[in-house]
Amino acid sequence: MRDDTETGLSLRNRGVVMIGSFGKLLSQSRPLALLSGVVLSSAIGIAAEPTRMTDEALELHRQSFVFDGHNNLAMQLRKRPELTTDSVDLHAPQSKLHTDIPRLRQGGVGAEFFSTYVTADSVKKGTAVRETLEQIDQIARLVKRHSDAMEWAGSTDDLNRIHKADKVSALIAVEGGNAIESSLVVLKTYYQAGARCLALTHDDTTDWADAALDKAKHKGLAKFGEQVVAEMNRLGMVIDLSHASEETALDTLSLSKAPVIFSHTGAHKLAPHPRNVSDDVLKAVAKNGGVVMVNFYSGFLSAENVKAYEKRTKAAADLRKSFKTDEQFQTALVAWLKDNPLPKTSVKDVVDHIDHIGKVADFDHVGLGSNFDGVVSLPQDLQDVSSFPHLTQEMLNRGYSHEQIQKVLGGNAQRVLRDVESIAKSGSPALPQPAITSAGGE
Ligand SMILES: [Zn+2]
C-alpha cells in the first residue's frame, strides 16, 4: 500500500477503513495497460499539444545533470514476480515499468533517489526493520547487477565520479519514518547500509511526527522527532518532508541545521491537497536552503485534479463498504476508475508548480521528484524517465535562463546533498545513543 496517497486511496484521515491502494490494485490487475496506456487513453479533457523539442533545449539538457528526488522502481519489482530484483534486465526496454536504462539515458538522468517503503502495519507486525533492510539490499543488488550503467552513490564525490563515467547515480532513500521503529540506532543502521535520505513520515502519523494525511498527535514533531532531525544532521542524511504535516515541516525547517528536501510534492496554492506545501512552508524552505522537488502525479497537479482525486477516495470508501470480499471490491473499483479517470495533465502543469515555487521561494529552491513507478496517472508528456527533456523545453519556452533550468533539473538537489554532507562533517555533536536495558532490569 505504498502509493495510496499518490493514487487516491488514503482513507485513514477521513475516518474510514484503510484499504488497498489504487496503485497496487491496478498494477496487479492490469499492469501493462496502466503503466503504458490507460493514463492517456482514459484521461478526460483535451490533450495538450505534444512538446516539440528544439536543438537548444536538447543541447542544454545534454549538458545538465538531472537529479530525480523520488523513484519507486524497487516497490514495483517487489510487487511483480515476473520482474524480480535478481532477474529483471534493465538494459532491455521494460514496458511494465517507468524506469529502465535506455530510458534513463534518453532522459539524461544523472541521479535517482530509489526509495524503500514499508506499511505502518509492518511496524505493528514487527517486520518494518527487516523489510526495510531487505529493500535497501535489493536496490543495492539491482544496481550492482547493472554496474556498467549505474552505481550506488553515497556522497556528492560519488555523484561527480559516476557522472564522469557516464553512469547514473543510484541513491537510496527510506520512505516513512515508521521504518526506524523509534530507534536512532536503526536510523544509523540504515545510513550504514547505504541509505542517504529518510522521509520523516508517509501517510501515517508516527510515534514522533505528524503526517499530512493523518490525524495530528504531536502538533508537529514530538521530542523524539527532534532527536531524529539532529541525528540525521549528524549522520549526513537528507531529511525528506514530502508526506509530513505542515506543522512537522515547519518544526523541522526551524530545527534542522542542514537543508531539507520535499522529494515529491507540489504547491498547495495551485492544487490544494494536504500533500502539497503552502507558501509559508515555501518561504521557510528558502530560509533553510532546501528544495521542493515537484511531483508529477496528476492527482496533485491542479485544483480540478485534487477534486477528482478526492472523489476517487470517497468512491473507494463507499465501494469498500458495499462489497464483502476484497476481490469483489477490487473488481468494482477497477470498473469505477475506468469510468472516472483523472482529468488530463501535461508538462505545463508541472512547470506551473515550478513557476510558483520559483516565484515564492526562488528558483534556487525548486527541483524534480517524479514518483515514477510509484503512480499510474502521469502527465501526457511525462510518462517515464525518458521524458525529462520535455521539462527543459517547457522551461525554455517560458523564458527561464539556462542557469535557472540547470538548477531546477538537478543543481539545487546536488547543492542540498553537498550542504548536508558538509554540515555533518563540521561535526554536530553526537547524540547519546539509546541506553541498552538489560532484561529483567530494575
Ligand atoms: Zn510518497
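What you see as residue numbers is a count from 1 along each chain, following the sequence as written. Side-chain atom pairs in this predicted model are given and counted only at pLDDT of 80 or more, local residue features only at pLDDT of at least 70, and totals for whole chains, interfaces and linings cover all residues. To obtain the side-chain values, all non-hydrogen atoms of the structure were used and water was disregarded.

## Observations concerning the overall build of the protein
Phase 1: Secondary structure follows DSSP: runs of H or I at least 4 residues long count as helices, runs of E at least 2 residues long count as strands, and numbering of each begins at the N terminus. Of the regular secondary structure elements, the protein holds 18 helices and nine strands.
Phase 2: With a 1.4 Å probe rolled over the protein chains alone, any residue whose accessible area is under 20% of its type maximum counts as buried; one over 50% counts as exposed, and the rest are partly exposed. A buried classification covers 60% of the 442 residues belonging to the protein.
Phase 3: Every accessible area reported is derived by Shrake-Rupley at a probe size of 1.4 Å, with residue values counting cover from the shown protein chains alone. Approximately 17,200 Å² of the protein is accessible, and the part contributed by carbon and sulfur atoms is 53%.

## Observations concerning the packing of aromatic side chains
Phase 1: Each Phe, Tyr or Trp ring, with Trp reduced to its six-membered ring, pairs with another whose centre is within 6.5 Å; inter-plane angles below 30 degrees give stacked pairs, above 60 give edge-to-face pairs, and intermediate values give tilted ones. According to the stated counting rule, one finds 10 aromatic pairs in the structure shown.
Phase 2: Consider the rings of Phe67 and Phe113, whose centres lie 5.8 Å apart with planes at 45°: the pair is tilted. Here Phe67 is found in strand β1 (residues 66–71), whereas its partner Phe113 is found in strand β2 (residues 109–117), with 46 residues between them in sequence. Neither residue differs from the other here; Phe67 and Phe113 are each classed as buried.
Phase 3: Relative to Phe372, the ring of Phe296 lies with its centre 5.5 Å away and its plane at 80°, an arrangement referred to as edge-to-face.

## Description of the pattern of salt bridges
Phase 1: Counted as salt bridges are all cases of a side-chain nitrogen of Lys or Arg within 4 Å of a carboxyl oxygen of Asp or Glu. In total, this model carries 24 salt bridges according to the counting rule given.
Phase 2: Among the ionic contacts, a cluster of salt bridges with common partners joins Lys348, Asp352, Asp355, Glu394 and Arg398.

## A word on the environment of Leu221
Phase 1: Structurally, the position occupied by Leu221 is in the loop between β5 (195–199) and α11 (223–235).
Phase 2: Along the backbone, Leu221 and Asp207 are 14 residues apart, and their C-alpha atoms lie at a distance of 9.4 Å.

## A look at the pairing of β2
Phase 1: Most of β2 is tucked away, with nine of its nine residues classed as buried.
Phase 2: Here four bridges tie β1 to β2, and the two strands are oriented parallel to one another. Of the residues in β2, the one forming a bridge with Val66 is Val109. At least two bridges found by DSSP between two strands are what make those strands a pair.

## Looking at the pairing of β5
Two faces, one strand: in a regular strand the side chains alternate between the faces of the sheet.
Phase 1: Within β5, five of the five residues are buried, leaving the element largely enclosed by the surrounding structure.
Phase 2: Relative to β5, strand β4 (residues 168–175) runs parallel, the two being bridged by four bridges. Bridging across to β5, Ile172 finds its partner in Ala195.
Phase 3: In terms of strand pairing, β5 meets strand β6 (residues 238–240) through three bridges, oriented parallel. Opposite Cys197, over in β6, you have Val238 as the bridge partner.

## So, helix α10 (residues 184–193)
Phase 1: Looking at α10, one finds that the buried residues are Leu184, Val186, Leu187 and Tyr190. Buried residues of α10, viewed axially, fall in a sector of 160°; they line one side.
Phase 2: We call two residues in contact when some of their heavy atoms are within 4.5 Å. The inward-facing, buried residues of α10 contact α8 (128–145), β4, β5 and α11.
Phase 3: Note on α10: the residue one or two positions beyond its end, Gly194, has a positive phi of about 125°. Here the arc refers to the directions that run from the helix axis out to each C-beta atom.

## A closer look at the nonpolar core
Taken as a class, soluble globular proteins show a tendency for nonpolar side chains to be buried jointly.
Phase 1: Core analysis: the biggest nonpolar cluster contains 88 residues, and Leu200, Ile354 and Leu391 have the highest contact counts within it.
Phase 2: Ranked by the residues each element gives to this core, the list is headed by helix α16 (residues 347–361), at six residues.
Phase 3: When sequence neighbours within four positions are dropped, the list of residues in contact with Leu391 reads Phe296, Val347, Val350, Val351, Ile354, Leu368 and Leu382.
Phase 4: As used in this record, nonpolar core signifies buried Ala, Val, Leu, Ile, Met, Phe, Trp, Tyr and Cys residues forming a set joined through side-chain atoms within 4.5 Å. Phe67, Phe113, Ala173 and Ala258 belong to the second-largest nonpolar core, a separate cluster that totals 20 residues.

## Structural notes on the confidence of the model for the protein
Phase 1: One confidence number per residue, pLDDT, is output by the predictor and ranges from 0 to 100. Summary statistics for the protein give a mean pLDDT of 88 and a share of 86% for residues scoring 70 or more.
Phase 2: In this model residues 1–42 is a low-confidence stretch, pLDDT under 50, and it forms 135 contacts with partners more than four residues away in sequence or in other chains.
Phase 3: Per-residue pLDDT stays below 50 along residues 434–442; that stretch engages in two contacts with residues further than four places along the chain or on separate chains.

## Here we look at the environment of Ala308
Phase 1: Looking at the secondary structure, you find Ala308 in helix α14 (residues 303–322).
Phase 2: Looking at Ala308, the relative accessible area reads 18%, which means it is buried.
Phase 3: Along the chain, Ala308 and Leu342 lie 34 residues apart, while their C-alpha atoms are 6.1 Å from each other.
Phase 4: In contact with Ala308, not counting residues within four places along its chain, are Leu342 and Pro343.

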